[in-house]
Structure formats: C-alpha cells, structure tokens
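Given next are the chains, with one letter for each unit.
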There are 2 protein chains.
Amino acid sequence: MNKTYASIITIGDELLIGQVVDTNSSWIAQELNKIGIGVKHRVAVGDNWDDIWEALDEETKKASIILITGGLGPTADDITKPLLCKYFNGKMIVDQPTLDHVTHIFNHILKRTMIERNAKQAEVPDTCTVLKNERGTAPGMLFERAGKIFVAMPGVPHEMKWIMSNHVLPLLLKRFNTGFIAHKTLLTAGIGESFLAELIKDFEEALPSEVKLAYLPNYGMVRLRLTSWGMDQNNLNNILDNHFNLLKNNVKDYLVIDEDLPMEAAVGKLLKANNQTVATAESCTGGYIAHLLSVHPGSSSFFTGTVVSYANIIKERMLGVPHEMLMTVGAVSEETVIQMAKSVREIMQTDYAIAVSGIMGPDGATEEKPVGLVWVAVANKNQVITKSFHFRFDRRRNIELTATNALNMLRGVIVDNS
Amino acid sequence: MNKTYASIITIGDELLIGQVVDTNSSWIAQELNKIGIGVKHRVAVGDNWDDIWEALDEETKKASIILITGGLGPTADDITKPLLCKYFNGKMIVDQPTLDHVTHIFNHILKRTMIERNAKQAEVPDTCTVLKNERGTAPGMLFERAGKIFVAMPGVPHEMKWIMSNHVLPLLLKRFNTGFIAHKTLLTAGIGESFLAELIKDFEEALPSEVKLAYLPNYGMVRLRLTSWGMDQNNLNNILDNHFNLLKNNVKDYLVIDEDLPMEAAVGKLLKANNQTVATAESCTGGYIAHLLSVHPGSSSFFTGTVVSYANIIKERMLGVPHEMLMTVGAVSEETVIQMAKSVREIMQTDYAIAVSGIMGPDGATEEKPVGLVWVAVANKNQVITKSFHFRFDRRRNIELTATNALNMLRGVIVDNS
C-alpha cells in the first residue's frame, strides 16, 4: 500500500519577511508522524490571494491531506477565510455554536464588551465542517474534495495545537489506514559529525533499506535518529530496537542519553533518578542554565536555585569571591569559578553546583581574554572540576554553547559518582 | 518595473518530521527584504532525490533567485551536492582553495587528523562558482541558468549566515536593481488584536495602496508593522514616516516602543537611557527574566543580577521571606513577592527589582491556587507595586507570559518615574 502524505501550508506575510519563526509546522509534522502520516512538503506563502490559491492547487496534487495555518484573525490582513469560502464554492453563514462560544469568552473569561469584529469570527463558509476552538475565537474549518481533506486552523500555536489534538488527529487516524512510523533518537556529545560518521560507517552501510539514519548536529552535540516505516507495528519495532541497540553500542563512548531529549532534560533525569540536587552560579550565561533546568515539568525536585552574579560586586557580596581575586586574576578565571561553585553549593545546600564566567561578546574582550573565553566549574562535596572553553560565535550561540557544555560536565561528574 | 522575488528551499528530513524548527528561512527572508527582494515562497522538502529535484523545477518558475539550505554535510544522508551536480550538468572536481581551507581548519583550529570524509567537502560540481565558507568545511555553491541564480548553502545557521552576508547578499545587490522595501514596526501591550484593529480602523482604511499594515500578536502583545515598497527611497521613507507617526499617535495609550524590539530590549533601552539598574528575584520563571535581560549585548550596564529562589528554603535564606509567611499565605502570594522584590533590590543595590512567584504547571496546583496563578512585584526606592495574573496555558507559555508581563510592569514604573 502507499504511504499517506500531508502537506502543510502556512500563511502570513510575517513568515516571508522573516518577522516570525514558524514553529507550527514542526509540531504538526511531529504529530502526523506519530500516526504514520508523512509530510511531503511544507510551504509558506504571504497574505496574498493568488499565492494562497496556487498553493492550494499545487499541494492538492502532492498530498491527500492539506493542513493550513494562519490568516484567520479578525483583522483586515487576514484573507484566508473568504478565500477558502470561494475555493470551496461556499457562502458565508453564521455558525451559532461558534457565536455562542465567542460570546461566552467575551462575557465570562475576558469580561469585555464584544465588538462586531469579534462576532465575525463566527462566520464560516457553509461548505465546511466547523472544528470548535476551545482556546480562542477563530474556529477550525474542515473541507473535503475528491477524497482529500483540507483543514484550516488559526496560526496562534496553542489554538492550532488544541484543534489538531482534539479534532484533526483523531479524524485522520480514523480515516486513513496509515501504517506506522517509528523513530528512535539518541544524543551524543564530544564528537563531531564527520568523526561520528566514520565511527559508525560499517553500521550505517549494513542498515536494511527500511531503516534510515539521520545526523542532527546542534551546539556541539549530534543527535542520531533511526526511522522505520511499515504496516506491522511489532515487526517494525523489533527491527528498530535491534538496530538502535547496535547503534548505542557503536557510540557508547559519546552517548549522553538514548532518548530524544535535550541535554538539560538528560541531566534532570539523572538527578531525579539519583535523588540529587543542583544549584548554579552564573555570570555570563545570565540565568540561562537555570532557565534550562527549570523549564521542564517536575524540575523542583532537583533544581534548588541560582545566583546570577552579573555584576562583579555581586560575585563578592553573594558568592564570597575575594575582591583581591577579581582585581588580579579577574572574573573570568579558574579561581573565580571555583569559588562561585563552592559558595553556591554551600548556600543552596545541594549535591552539585555549576558555575560559569566568560566573555560572551560582542564587547568585554581584553588582550588576554578574547570574546568566547569561558571558565566552567562543577562542584560536589569532594571535588571541583574546571574547564575552559573558547567559543568563536555570536553572543546568543556562545551562551547556548556554554550552557550545554557546562551541563555535560555536570553529567560526567554525576555519572562518575553514581 | 517588476519586483524581484526569491524562493527559499530548505532540505532535510528533520524539517518534515518536525525534529528541528527552521530558523534559517526567517533570517534569510529578513536579509533579502532589507535589500528590496521579496520572498514569494518558502518550501521544505526531505532528503529525497525526486522531491528536491521537483522543488528546484517548481521554484524556478516562481522566482529569479533560488536559495537552498541543508543537505551539504559529510554524511550519507546528505544528497544535495550530487543532485545539484546532476541538475546543473556538471561533474565533481576537487576545489583546491576549499581543500586548503578544510586542511587548515583541521590542522590549525580543530587540531585533529583530517579524514577522507572531510576532504570530500572540497569536491564541488565544475559548473558552480564556489563561495568560501569561513565558518565551516562545506562551501557554498552558486549556479546560474537562464538568468536565474541558484545558491546552495549548508544548513548550520552560523555557516549559512556567513555565506549569505559575505557572498550572496552583496552579489544580489549588484545584480538586481531591486528598488527598496521599508518596514516600520511598533510594539503594543495591554490591548487585544481585535480591539486594536477597532481603535485604528479609520487609520487602516485611509492607508494608501503602497502601504500595508500587519498585526503580529504574540504573548499578550501585538506588534504593528507598516511596509512600503518603491523605487524612490526618499519618497518611500517619507510616506512611511508620515503614516507611522499617525499610527503611533493612534495607539499611544498602548505603545511600548516604536521599534521592532522585544519587550526586554525596550526595557533595557529605557534603563540605559536613564542610567538605572535592575535585579530580579525569580521563583516560577527560574531565571528566564534574567536570561532575557542579559541576552542582548550591553546588558551589563543595567542588569546587576538575580536570585533564583526555586526552593522555598532559598526564599527564606537568601531573600528573607519569613518562614511564617510561607507557611500561612504561601510562596505564591502578594506578601511573598513584595518581600522578594524588596530584598533583592537591597542586596543588589539597584534602582529597580522584579520579583515573581507562581504555578507554571502542569503540577503544583492546589484548590485555591490553580496552574497559571502568578504574583509579580516591581519595586523602586519609594514603592512596591504588585499584580496577579491567571494564565491558562502550558508551562513554557506561562513562563513566557509571566516574564513579558513582569517586564511590562517594570516599564510602566520606569516611565512613571522618569
């Protein structure tokens, strides 16, 4: 049987002038994949009648399912709804359940007077099936033509996600007998993409045709993903598991975690499993490591807190870094991060502490200390290990790399002490 | 004359299964826009020969410039280079300057032995012009056919950006007499998209055809963007300035800043202008506000530091929140954030302090305190103002909204005291 494919059309000038990054498409693709539907094509077009029309025509040729996001807002630049009305030969009518829902939102949640523009959100083409949007005022709309499914959804991510999860995915699962796609991903650190490729060359060449390997390098780490597709889920999973185990064994010296988790989640999982805690003392990362450690649910069981000592005076006052030390070796030094790590671990009474100090750029470099120089310390009750890095990128990327590498150092210490 | 259009093709299975978010396209679109080149279409395709080939055929019909990113790595899943070689009727040759460059990187920067796989990065189709990649080993490649320009670049963002900035953009500027596009964007807060649309309805209806208005809602704020295009840059700027001033006047009660800056940069700019400083005490945001304040260059002039008191014991020990208070009104309370704000302002000796405490979900709710409840305090030497919010979203979004709203409260206090 043939695989079922979807196309994703995202609509909005902001996508074409680069004012926003499209995060909807990747989420939609992930969810479709889980139910065995492949994505053939992703297209972004502007708020332009002809371009949207043409995209609909073209994607209809490529896929059985066309998912459209954006352009459904209450303002004049949003033309998707009238266009779809015409494209599917409908006329606009008021959908009473949607009008009731919008009225309810204004009267009971927003507690504001509803204006005509809001009521207009309840108008839909009479050729569509309305998909209720519990997270907002613009409903989803489902059209069918010649056995193909078209769904239009608002571009606001949490509204789109609600409609996908509650209407679209269940409907597609029922409609298409899609077979199964399975992925398994692992995270490596400390080895570049080409050396990794060399290391697993034999493994890769021996892969059967139904298993695909992909390299996903990012911030000094490489994720490896195995993908397989088939109609027999058990068989599929067996094949994938066998090859995934082989792969894990091949990369064991560089393996961070055998799941598709970011570094900080891998570290969090280790800490949770060991019933241990961590605190951070951050200068150049300005709280970014703390943010990473706390952004995932359940982090309060292992993350205690942070001192962001952005100003030197705070390094002295809160973390006991001697004034003398800052005046001689300076804030970006091994001595300083050792002191920061020890102090914050003591103040926060945690098992581990991370401390970082560096020059993220573009300003702040001196002759001896260039932009990208970072010192990192990781402390537990017995020892403090330190390392310096020299990153050569822009500020945001230097902050990312510092955080990832500091977390990987912590991971090493946890593993060594487990 | 006709406007010059580009299409962007991004290549990689990871884009179609949603494993990575495509940030390259929006950056490329921004840069093209600055030099008067519009983006007509953005397409993502997988690492699949036929799909890439078809995308090249189709985008050639739509645009004069086709920019391609991804699929140029040293691993077996990267098929873009051999495909382009065939598409442009070339044969593979070794490009000596690229080989020298790759060798230099391995010998002098990475200090590792180069393997054959790396040397292969220097092989290019003989029908292309090589664009040196100073940030990595995979060079950019420029092809021309029937007056159209095709450029293939690596998908690694900082490598792609280097090649675009140093080769592609200067070349396009010289080649196409593109006219000018100008944008002006302002940021509003505290008013929903439809109410804003109602407020500026007359302004919007009176706009001349060459000026376009767009609404960009995000995290409780709405950006408004005016765009104009034309061959006479002075005239274009005059028209845009006039309408932008009218727009600013229309939304003055909700205006955050009349630039395309995020909230934290608007706040940073105000602080810098006033020569004032801020510190934060964060519980539920886990350092995210500190990260926002410190991620932009030059933040050390106004951002002093943060205490992330994720655990209650840290609220007591470092921020002097009485144990009694935590036991009675609790950590998520007006009393607690007032104490946190006062303490951190005193410890950090800053002009202002922000403190936040809330329940970000999915865990942690109680009967009286649901997920999404947040208390925020902003302190200066004379006063502490407080506000509670009830967000109804997922953890990440609740953290974002808390940060944005807290920064907007600070902005209000700074403006009122200036």
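Residues numbered from 1 in each chain as written. Chains lettered and ligands numbered in written order. Predicted model: local features only at pLDDT ≥ 70, side-chain atom pairs only at ≥ 80, totals over all residues.

> Would you mind going over the overall build of chain A in detail, with residue names and values included?
A count of helical and extended segments in chain A gives 16 helices and 17 strands. For the C-alpha atoms alone, the extent of chain A along its principal axes is close to 75 × 60 × 40 Å. Residue burial in chain A is summarised as follows: out of 418 residues, 50% are buried. For chain A, restricting intrachain contacts to residue pairs at least 6 apart in sequence, the fraction spanning at least 24 positions comes to 65%. (Helix = DSSP H or I, 4+ residues; strand = E, 2+ residues; numbered from the N terminus. Buried ≥ 20, exposed ≤ 12 C-beta atoms within 10 Å, placed from the backbone. Contact = placed C-beta atoms within 7 Å.)

> Tell me about helix H15 (residues 334–348) of chain A, and name the residues and values.
Residue and element names in this part refer to chain A. With 15 residues, H15 should reach 21 Å at 1.5 Å per residue; the first-to-last C-alpha distance of 21 Å fits that figure. Those residues of H15 not exposed but buried are Thr-336, Val-337, Gln-339, Met-340, Ala-341, Ser-343, Val-344, Arg-345, Ile-347 and Met-348. Of the residues trailing H15, Gln-349 is marked for its positive phi of about 50 degrees. (Expected span 1.5 Å × (residues − 1).)

> Lay out the pairing of strand S3 (residues 65–69) of chain A in plain terms, naming residues and giving numbers.
Note on strand geometry: in a regular strand, side chains alternate between the two faces of the sheet. Residue and element names in this part refer to chain A. Summarising burial for S3: five of the five residues are buried, a large majority. Of the two faces of S3, the one carrying Ile-65, Leu-67 and Thr-69 and the one carrying Ile-66 and Ile-68 are both buried. Examined bridge by bridge, strand S1 (residues 5–11) and S3 share five bridges and lie parallel to one another. From the neighbouring strand, Ser-7 faces S3, where its bridge partner is Ile-66. Bridging between S3 and strand S8 (residues 148–153) involves five bridges; their strand directions are parallel. Looking at the pairing, Ile-66 lines up with Phe-150 of S8. (Pairing = 2+ DSSP bridges.)

> So what's going on with the interface of chain A and chain B? Which residues, and what values?
Chain A puts 73 residues into the contact, and the matching count from chain B is 73 residues. Sort the elements by how many residues they give to the side of chain A that touches chain B and strand S14 (residues 303–309) of chain A lands first, with seven residues. Classifying every residue of the side of chain A that touches chain B gives 36 nonpolar, 23 polar and 14 charged. Across five bridges, S14 of chain A lies against strand S14 (residues 303–309) of chain B in antiparallel orientation. Note on S14 of chain B: the bridge partner recorded for Ser-309 of chain A is Gly-305 of chain B. (Nonpolar A, V, L, I, M, F, W, Y, C, P; charged D, E, K, R; others polar.)

> So what's going on with unusual backbone geometry? Which residues, and what values?
Leaving glycine out, the prevailing phi sign among residues is negative, and the prevailing peptide bond configuration is trans. Going from Gly-361 of chain A to Pro-362 of chain A, the amide bond is cis rather than trans, its omega being -5 degrees. Mapped onto the elements, Pro-362 of chain A comes out in the loop between strand S15 (352–358) and strand S16 (373–379). At Asn-89 of chain A, a residue that is not glycine, the phi angle is positive and equals roughly 50 degrees. Along the chain, Asn-89 of chain A turns up in the loop between helix H4 (80–87) and strand S4 (92–94). With 10 C-beta atoms counted inside 10 Å, the residue Asn-89 of chain A sits in the exposed group. Of note, the phi angle at Asn-275 of chain B is positive, near 60 degrees, even though the residue is not glycine. Take Asn-275 of chain B: there are 9 C-beta atoms within 10 Å of it, and that puts it in the exposed class.

> Quick rundown of helix H13 (residues 312–319) of chain A? Include the residues and the values.
If you check which residues of H13 of chain A are buried, you get Ile-314, Lys-315, Met-318 and Leu-319 of chain A. Down the axis of H13 of chain A, the buried side of the element spans an arc of 105 degrees, and every buried residue falls inside it. Structurally, H13 of chain A contributes buried residues whose contacts are with strand S13 (278–282), S14, helix H14 (323–328) and H15 of chain A together with S14 and helix H15 (334–348) of chain B. Following H13 of chain A by one or two positions, Gly-320 of chain A adopts a phi angle in the positive range, close to 65 degrees. (Arc of directions from axis to C-beta.)

> Before we move on, could you go through the nonpolar core and cite the residues and values that matter?
Among soluble globular proteins, nonpolar side chains are generally buried collectively. By size, the foremost hydrophobic cluster in this structure holds 144 residues, and its most contacted members are Ala-341 and Val-344 of chain A together with Ala-341 and Val-344 of chain B. For Val-344 of chain A, the residues in contact, after removing those within four places along its chain, are Ala-279, Thr-280, Ala-281, Val-307, Leu-319, Ala-353 and Ala-355 of chain A. (Core = buried A, V, L, I, M, F, W, Y, C linked by C-beta atoms within 7 Å.)

> Can you explain the relation of the copies chain A and chain B? Please cite residues and give values.
Comparison of the two chain copies shows a relationship of rotation about an axis with a shift along it. At an RMSD of 0.1 Å, chain A and chain B line up after a rotation of 180 degrees and a shift of 0.0 Å along the axis. Here the two chains are linked by the operation of a two-fold rotation axis. Taken together, the interface assignments show that 100% of the residues at the interface of chain A recur at the interface of chain B, consistent with an identical surface on both copies. (Least-squares fit on C-alpha atoms with pLDDT ≥ 70 in both.)

> Residues and numbers for the pairing of S1 of chain A, please.
All names here are of chain A. Most of S1 is tucked away: six of the seven residues are buried. Pairing analysis gives seven bridges linking S1 to strand S2 (residues 38–45), with the strands arranged parallel. Within the sheet, the bridge partner assigned to Tyr-5 lies in S2 and is Gly-38.

> Pulling in residues and values, what's your account of the sheet that holds strand S10 (residues 211–218) of chain A?
All names here are of chain A. Reading across from one edge, S10-S11-S9-S12 is the order of the four strands in this open sheet, with antiparallel pairing throughout. Each having just a single partner strand, S10 and strand S12 (255–257) make up the two edges of the open sheet. The mean angle between the axes of side-by-side strands here comes to 30 degrees, regardless of whether they run parallel or antiparallel. (Axes fitted to C-alpha atoms, helices over the stretch in contact; angles between N-to-C directions.)

> Give me the sheet that holds strand S10 (residues 211–218) of chain B: which residues, what numbers.
Residues and elements named next belong to chain B. Ordered in space as S10-S11-S9-S12, the four strands form an open sheet in which the pairing is antiparallel. In this open sheet, the two edge strands, each paired with only one partner strand, are S10 and strand S12 (255–257). Strand-to-strand, the axes of this sheet are offset by a mean angle of 30 degrees, without reference to chain direction. With two bridges connecting them, strand S9 (residues 180–189) and S12 associate as antiparallel partners. Paired with Leu-187 across the strands is Ile-257, a residue of S12.

> A description of the packing of helix H11 (residues 263–274) of chain B against helix H16 (residues 395–416) of chain B should follow, citing residues and the corresponding values.
Residue and element names in this part refer to chain B. Contact geometry for H11 and H16: axes closest at 9 Å, N-to-C directions at 25 degrees. It follows that H11 is roughly parallel to H16 by the angle criterion. Along this stretch, H11 crosses H16, giving a crossing that reads as left-handed. The residues of H16 that touch H11, namely those facing Met-263, Glu-264, Ala-266, Val-267, Leu-270, Leu-271 and Asn-274, are Thr-404, Leu-407, Asn-408, Leu-410, Arg-411 and Ile-414. By residue class, the composition of the contact of H11 with H16 is eight nonpolar, three polar and two charged. (Parallel < 35°, antiparallel > 145°, perpendicular 65-115°, else oblique. Left-handed = near helix turned anticlockwise from the far one by under 90°.)

> Please provide a residue-by-residue account of the domain arrangement of chain A, values included.
Splitting chain A by domain gives domain 1 (5–175), domain 2 (181–257) and domain 3 (263–416). For domain 1 of chain A versus domain 2 of chain A, the distance between C-alpha centres works out to 35 Å. (Domains from an automatic or database assignment.)

> Describe the environment of Lys-184 of chain B, and please don't skip the residues or the numbers.
Residues and elements named next belong to chain B. Summarising the element assignment, Lys-184 is placed in strand S9. Given 21 C-beta atoms within a 10 Å radius, Lys-184 is considered buried. The sequence separation of Lys-184 and Leu-226 amounts to 42 residues, and the corresponding C-alpha distance is 5.3 Å. Not counting residues up to four positions away in its chain, the partners in contact with Lys-184 are Leu-226, Leu-240 and Phe-244.

> Got a sec to walk through the environment of Gly-36 of chain B? Specific residues and values, please.
Residue and element names in this part refer to chain B. Note on placement: Gly-36 falls in the loop between helix H2 (24–34) and strand S2 (38–45). Residue classification places Gly-36 among the buried residues on the basis of 21 C-beta atoms within 10 Å. Measuring from C-alpha to C-alpha, the distance between Gly-36 and Leu-171 comes to 13 Å, with 135 residues separating the pair along the chain. Excluding residues that lie within four positions of it along the chain, Gly-36 makes contacts with Thr-178, Gly-179, Phe-180 and Ile-181.

> So what's going on with the confidence of the model for chain A? Residues and values would help.
Looking at chain A as a whole, the pLDDT averages 92, with 99% of positions reaching at least 70. Interface scoring of the predicted complex returns ipTM 0.82; its pTM is 0.82. (pLDDT = per-residue confidence, 0-100.)

> Residue-level account of the environment of Leu-169 of chain A, with values.
Residue and element names in this part refer to chain A. In this structure, Leu-169 sits in helix H7 (residues 157–175). The class of Leu-169 is partly exposed, set by 17 C-beta atoms lying within 10 Å. Considering only alpha carbons, one finds Leu-169 and Phe-180, eleven residues apart in sequence, at a separation of 14 Å. If we skip the residues at most four places from it in the chain, Leu-169 touches Glu-31, Ile-35 and Met-164.

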